[in-house]
Amino acid sequence: MRKPIIAVDMDDTICHLVKRAIYHNNNDFPTHLLRYEDMLDWDTDHLRHPDCTQEIFYGRPGLYEELELFDEHVVGEMEKLHNVYDVIIVTAAQPKTVIEKWNWLQKHMPFIPIENFFPCKRKSLINYDLLIDDGVHNLVPALQEGRKVLCIPHPWNLKAREQYAFPLLTTWKGAKEQVDLILGGQPISS
């Protein structure tokens, strides 16, 4: 019997990308300070300095290796999930950021093998039983295809959370138990 597949996003799901990008933006463009709370949409062009393109905001060399863990529970809970389920990391990445993302993952979660690392923007093409993500563009198609989801709440997905009432994962504490309930109604032993 195959293990259920848990697809887990990286950026702003197991680590904090937007907050770190804002930190660098605010150092580089102090006349256009950004706040996490103001990031109500993926398109932040109108908030950033005109010289701060999407490429500059998210393309700073080394950015993906310096990201902070989502919270103090994420590593332990990811390892618990990995021990019971087939956990795959499915992350949107530009070619130049793939190595940085893999390096970050190996530093913090070395139990995730390379064959479970999928740089992929169109996550709906991947086979999984449950998606843990913050991106509405991934969560909504998954729901529409009848798949189970867990949403990591952020300002940019507030409207969709209200519209679709996604189950939420606000902290990684207890994530394994929450996944157990969603996938089968009964906890699966570790």
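Residues numbered from 1 in each chain as written. Predicted model: local features only at pLDDT ≥ 70, side-chain atom pairs only at ≥ 80, totals over all residues. Heavy atoms only, no water.

A. Examining the packing of aromatic side chains more closely. What the rule picks out here adds up to four aromatic pairs. Between the aromatic rings of Tyr36 and Trp156, the centroid separation amounts to 5.9 Å while the plane-to-plane angle is 85°, which identifies the pairing as edge-to-face. In this pair, Tyr36 is assigned in the loop between helix H1 (17-28) and helix H2 (54-59) and Trp156 in the loop between strand E7 (148-151) and helix H6 (158-164), connecting sequence segments 120 residues apart. Ring centres of Tyr164 and Phe166 lie 5.6 Å apart, and the angle between their planes is 15°; this geometry places the pair in the stacked category. A relative accessible area of 32% places Tyr164 in the partly exposed class. Above the face of the Tyr36 ring, Lys19 is positioned so that its terminal group lies 4.6 Å from the ring centre. A cation sits over an aromatic face here: Arg48 above Phe57, 5.4 Å from the ring centre. (Phe/Tyr/Trp six-rings, centres within 6.5 Å; stacked < 30°, edge-to-face > 60°. Helix = DSSP H or I, 4+ residues; strand = E, 2+ residues; numbered from the N terminus. Buried < 20%, exposed > 50% of the residue type's maximum accessible area, 1.4 Å probe, protein only. Lys NZ or Arg CZ within 6 Å of the ring centre and 35° of its normal.)

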